[in-house]
Amino acid sequence: MTQTSPGEGPPGPAPQSGWRNWLTIAGAILASGSLFAFFLLLALDLMGKGRGNPYLGILCYVVAPSFLAFGLAVAAVGFVRRRRELARLRGLGQAMPIEIDLSRSRDRTILKVFIGGACVYLVLTAFGSYQTYLYTESDSFCGEVCHSVMGPELTAYRRNAHARVACVDCHVGEGAKSYISAKINGVHQLVDITLNRFPRPIPTPIHNLRPARETCERCHWPEKRTGDLERIQHRYLADATNSPYSVTLLLKVGGGGTVHGVPGGIHWHTNPDSKVEYLATDPQRQVIPWMRVTEKGGRVTVYRTKAFKGEPDPAALRTMDCLDCHNRPAHRFSTPNDAVDEALYLGRMDVSLPSIKKTAVDLLTQTYATSAQARDQIAAGLRKKYGAAKGVDGTIEAVQAVYRHNFFPEMKADWSQYPENIGHMDTAGCFRCHDEKHVAEGGAKMPATDCDSCHVILAQGAGAELTQLSTGGVAFKHPSTDIEGLGLTCSDCHNGKNQDN
Ligand code: HEC
Ligand code: HEC
Ligand code: HEC
Ligand code: HEC
Ligand code: HEC
Ligand code: HEC
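Residues numbered from 1 in each chain as written. Chains lettered and ligands numbered in written order. Predicted model: local features only at pLDDT ≥ 70, side-chain atom pairs only at ≥ 80, totals over all residues. Heavy atoms only, no water.

Engineer: Is there a simple way to explain the site of ligand 2 in this structure?
Structural biologist: Looking at ligand 2, the residues that line it are Ala161, His162, Val165, Asp169, Cys170, Thr215, Cys216, Cys219, His220, Leu323, His326 and Pro329. Interatomic distance of 2.7 Å between a side-chain N/O atom of histidine 162 and a nitrogen atom of ligand 2. Mapped by element, the contributors of at least two residues to the shell around ligand 2 are α6 (167-171) and α8 (216-219). In the shell around ligand 2, the residues fall into 7 nonpolar, 4 polar and 1 charged. Counting the residues that make up the shell around ligand 2, at least three belong to each of domain 2 (140-172 + 174-209) and domain 3 (219-329 + 420-493). (Near = heavy atom within 4 Å. Polar contact = N/O pair within 3.5 Å; in protein donor to acceptor, adjacent residues only side chain to side chain. Helix = DSSP H or I, 4+ residues; strand = E, 2+ residues; numbered from the N terminus. Nonpolar A, V, L, I, M, F, W, Y, C, P; charged D, E, K, R; others polar. Domains from an automatic or database assignment.)

Engineer: Teacher, can you tell me more about the packing of aromatic side chains here?
Structural biologist: The geometry of an aromatic ring pair is captured by the separation of the ring centres together with the interplanar angle, meaning the angle of the planes. Tallied over the entire structure, the rule returns 7 aromatic pairs. Relative to tyrosine 403, the ring of tyrosine 368 has its centre 5.6 Å away and its plane inclined at 80°; by these criteria the two rings are edge-to-face. Note that tyrosine 368 is positioned in the loop between α10 (356-364) and α11 (371-386) and tyrosine 403 in helix α12 (residues 392-406), a separation of 35 residues in sequence. Note on accessibility: tyrosine 368 and tyrosine 403 belong to one class, buried. Here the aromatic cluster, defined as three or more aromatic residues joined through ring pairs, consists of Tyr368, Tyr403, Phe407 and Trp415. (Phe/Tyr/Trp six-rings, centres within 6.5 Å; stacked < 30°, edge-to-face > 60°. Buried < 20%, exposed > 50% of the residue type's maximum accessible area, 1.4 Å probe, protein only.)

Engineer: How should I be thinking about the sheet that holds strand β4 (residues 290-295) in this particular structure?
Structural biologist: Think of a sheet as strands paired side by side through backbone hydrogen bonds, with each pair either parallel or antiparallel. Read from one edge of the open sheet, 5 strands run β6-β3-β4-β5-β7, paired in antiparallel fashion. The open sheet has two edge strands with one neighbour each: β6 (318-319) and β7 (439-440). Here β4 runs beside strand β5 (residues 300-304); their pairing, made up of 5 bridges, is antiparallel. Within the sheet, the bridge partner assigned to valine 293 lies in β5 and is threonine 301. (Pairing = 2+ DSSP bridges.)

Engineer: Whenever I open this one, the site of ligand 4 confuses me. Can you help?
Structural biologist: For ligand 4, the set of nearby residues contains 22 residues, the closest of which are His269, Tyr303, Cys430, Cys433 and His434. One of the side-chain nitrogen or oxygen atoms of histidine 269 is found 2.7 Å away from a nitrogen atom of ligand 4. A distance of 2.7 Å is found between a nitrogen atom of ligand 4 and a side-chain nitrogen or oxygen belonging to histidine 434. Looking at side-chain class alone, the shell around ligand 4 contains 16 nonpolar, 4 polar and 2 charged residues.

Engineer: What should I look at first to understand the nonpolar core in this one?
Structural biologist: Side chains that are nonpolar tend, in soluble globular proteins, to be buried together. Counting 33 residues, the largest nonpolar core has Val340, Met349, Leu364, Ile378, Leu382, Val399 and Tyr403 as its most contacted members. Looking at this core, the elements that each hand over two or more residues are α5 (147-158), α9 (336-345), α10, α11 and α12. Sort the elements by how many residues they give to this core and α12 lands first, with 6 residues. Built from parts of two domains, this core gets at least three residues from each of domain 2 (140-172 + 174-209) and domain 4 (336-411). Leaving out residues up to four positions away in the same chain, leucine 364 has contacts with Pro336, Val340, Ile378, Val399, Val402, Tyr403 and Phe407. In this structure, Val276, Ile288, Val293 and Met320 belong to the second largest nonpolar core, which totals 10 residues. (Core = buried A, V, L, I, M, F, W, Y, C linked by side-chain atoms within 4.5 Å. Contact = heavy atoms within 4.5 Å.)

Engineer: Would you mind going over the coordination of the iron atom of ligand 2 with me for this structure?
Structural biologist: Six octahedral donors at a metal ideally form angles of 90 or 180 degrees, and four tetrahedral donors ideally form angles of 109.5 degrees. Around the iron atom of ligand 2, the donor atoms from the protein are His162 (NE2) and His220 (NE2), and they sit 1.9 to 2.0 Å away. Each of the 6 donor atoms around the iron atom of ligand 2 contributes to a set of angles spanning 86 to 180°, which defines the coordination as octahedral. You can see histidine 162 sitting in the loop between α5 and α6 and its partner histidine 220 sitting in the loop between α8 and β1 (225-236), a full 58 residues away along the chain. (Donors = N, O, S within 2.8 Å, 3.2 Å for Na, K, Ca; no water. Tetrahedral: all angles 85-135°; square planar, octahedral: opposite > 155°, others 65-115°.)

Engineer: Would you mind going over the sheet that holds strand β8 (residues 455-461) with me for this structure?
Structural biologist: One open sheet accounts for 3 strands, arranged β1-β2-β8; its pairing is antiparallel. Each edge of the sheet is formed by a strand with only one pairing partner; in this case those strands are β1 and β8. Strand-to-strand twist across the sheet, computed as the mean angle between neighbouring axes with direction ignored, equals 15°. Inspection of the sheet shows β1 paired to strand β2 (residues 244-255) by 11 bridges, in the antiparallel sense. When the sheet's bridge partners are listed, tyrosine 236 is paired in β2 with proline 244. (Axes fitted to C-alpha atoms, helices over the stretch in contact; angles between N-to-C directions.)

Engineer: How do you make sense of α12 when you look at a structure like this?
Structural biologist: In an α-helix, one turn spans 3.6 residues; hence positions three or four apart end up facing the same way. Taking 1.5 Å per residue as the helical rise, α12 with its 15 residues ought to reach 21 Å, and the 21 Å between its terminal C-alpha atoms agrees with that figure. Within α12 the residues assigned to the buried category are Val392, Thr395, Ile396, Ala398, Val399, Gln400, Ala401, Val402, Tyr403 and Asn406. Among the structural elements, α9, α10 and α11 are those in contact with the buried residues of α12. (Expected span 1.5 Å × (residues − 1).)

Engineer: I would appreciate a short explanation of the side chain of glutamine 460 in the present structure.
Structural biologist: Along the chain, the position of glutamine 460 falls in strand β8. On the basis of relative accessible area, glutamine 460 is assigned to the buried category, the value being 12%. Among all residues touching glutamine 460, those that are not within four sequence positions of it are Tyr245, Ser246, Val247, Glu465, Leu466, Val474, Ala475, Phe476 and Lys477.

Given below as structure tokens:
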């Protein structure tokens, strides 16, 4: 089909341009489609729609530009080939082949089909990109696409106070710098996951996590004063009758600012006028032999343990922020002891089953290869001990649920790998710094080491004892065993399991 349509006059001498070939046109269409997709994604990103979502970044800054580059390369290849062909023919003195000539209806038809196709392609690209973007913004993408990897964090997150705060709100900070680094990070992670090249458990703390200033403080500003908080720990002993033992604490959280009072209490640490830097000698920041307080007024105090000699490397110091106490704000893996106490208190496990506290904690702390194996063995263990006693069915379900929510054998993730620093019972927590071992140069003791400096105990025990509140606070009465004068801290004995383990 090379004849010209009527009424268009004789074909003039065909212009001999290297651009006019189908390969180049196809490449150009691909490139312009990608460019369009790129601008669309860029607009979404700049409008803050993704709040720095790293996967929007992958689409925008990696996928779209790759297609753009590919399209341009195809166009260039077409151009070069066409030019070579023309030169060769010219050299041979042959007649030039007819190029794409829009005066021919065949070429016009082909072009129309191309443009039509390109429009459909553009619409699909735009729609597809937007859908992909919406999906990647979701928490299910963060947690589920990489399911086996981040499953533990997603499971814990969904049952947490931050369940409606997007992953990216804590994991990706604000500002251009964190955009870029999150983008690069996201690509790294995707590669590692694809190649099944990631550690189990995922190491913690995350060293490149955005500073709390850029994440937590957007919603919880440091000057905000929390005041005193009442917390009741409902506990059960590992005896035959699962004796209840509760402690009502009034935590002196205080605040870092002056809106409702001077900085003080536990949140004194968040006060913008003081800085605490410290040295940790292990990757999980559990051992802290040295720290320095710098106050706006000019006071500088260094506290150190006797065992630590010399001066720390300044590059190894960390400035304390929210995450040094609230290190599991969204993904707390409960200890078996905590989780069983909670389930007993909520009536999910039947407290009338003899020794159920001890039995459940023991079953949860066995080593299982898979979640399925754990589920079956927990059921078998409880059946063996209690047979068909009243309340066993619900209790089995409750123990299995505790396991499902807090233990992830496939990822080797549980409380023992991710210690929480907020208290001092199962891990050193506050006592990493607040103990008798840290002293200042002049011999001054570290403040807040007495039992009533961070909280007072309003009531403790069981039943009627709990109704007699003592506003001035009472001394802690340790249940079942006397720990007075042993010179031990709580976490020397307590570790989240049963005491005989
Ligand atoms: C409220 C803030 C917050 C939210 C929301 C949040 N995270 Fe985290 N996440 C953290 C902090 C803080 C750490 C670091 C813990 C540490 O350094 O000890 C962390 C650690 C992690 C880790 C490293 C392993 C670990 O458990 O320490 C993974 C993986 C993770 N988060 C995934 C997610 C996913 C997936 C989501 C959304 C489903 C999410 N996070 C939502 C604050 C958050
Ligand atoms: C996007 C906003 C947002 C960000 C970012 C955020 N939080 Fe929260 N946080 C909340 C909300 C909302 C609650 C729930 C308040 C409530 O239920 O009263 C909350 C609750 C809390 C609580 C009380 C938790 C509890 O279990 O009762 C703590 C502690 C906390 N956040 C610490 C943090 C820390 C640490 C970070 C940074 C890693 C952080 N938050 C980041 C919004 C946020
Ligand atoms: C020295 C340790 C420490 C530091 C640092 C710290 N907190 Fe806290 N925070 C606590 C303790 C202890 C509580 C009492 C509640 C508890 O034990 O869970 C608390 C309570 C809170 C609560 C209130 C929880 C509620 O249920 O009302 C929020 C919100 C909170 N912190 C956010 C932050 C933020 C944001 C930062 C950083 C600006 C921060 N904290 C720094 C130890 C700390
Ligand atoms: C990295 C070390 C470190 C950790 C961990 C730490 N603190 Fe502190 N804390 C300090 C330093 C340093 C000071 C100030 C010492 C000074 O004033 O000379 C301080 C001061 C305090 C004060 C006295 C505030 C005032 O009004 O003067 C309280 C209360 C307190 N901390 C509670 C806690 C609690 C509760 C935890 C655990 C959730 C905790 N701290 C964890 C280092 C730490
Ligand atoms: C540096 C501050 C600090 C000091 C000093 C301190 N505590 Fe605590 N204590 C805390 C915090 C923070 C919690 C955790 C509150 C929470 O889990 O929300 C806690 C929790 C507790 C609990 C509840 C444990 C549970 O989970 O059932 C008891 C009991 C307790 N402390 C007793 C003591 C005794 C006894 C001493 C003195 C040897 C002491 N505390 C010294 C900060 C402190
Ligand atoms: C010498 C070891 C030892 C030390 C030190 C110790 N405990 Fe205990 N604790 C025990 C034993 C043993 C039990 C009884 C176990 C049971 O019945 O669950 C217990 C039980 C408890 C219970 C109630 C049961 C439960 O759910 O865990 C609480 C709360 C408790 N201890 C808090 C503390 C605190 C807070 C400290 C630090 C001030 C501390 N213990 C120090 C050995 C110790």
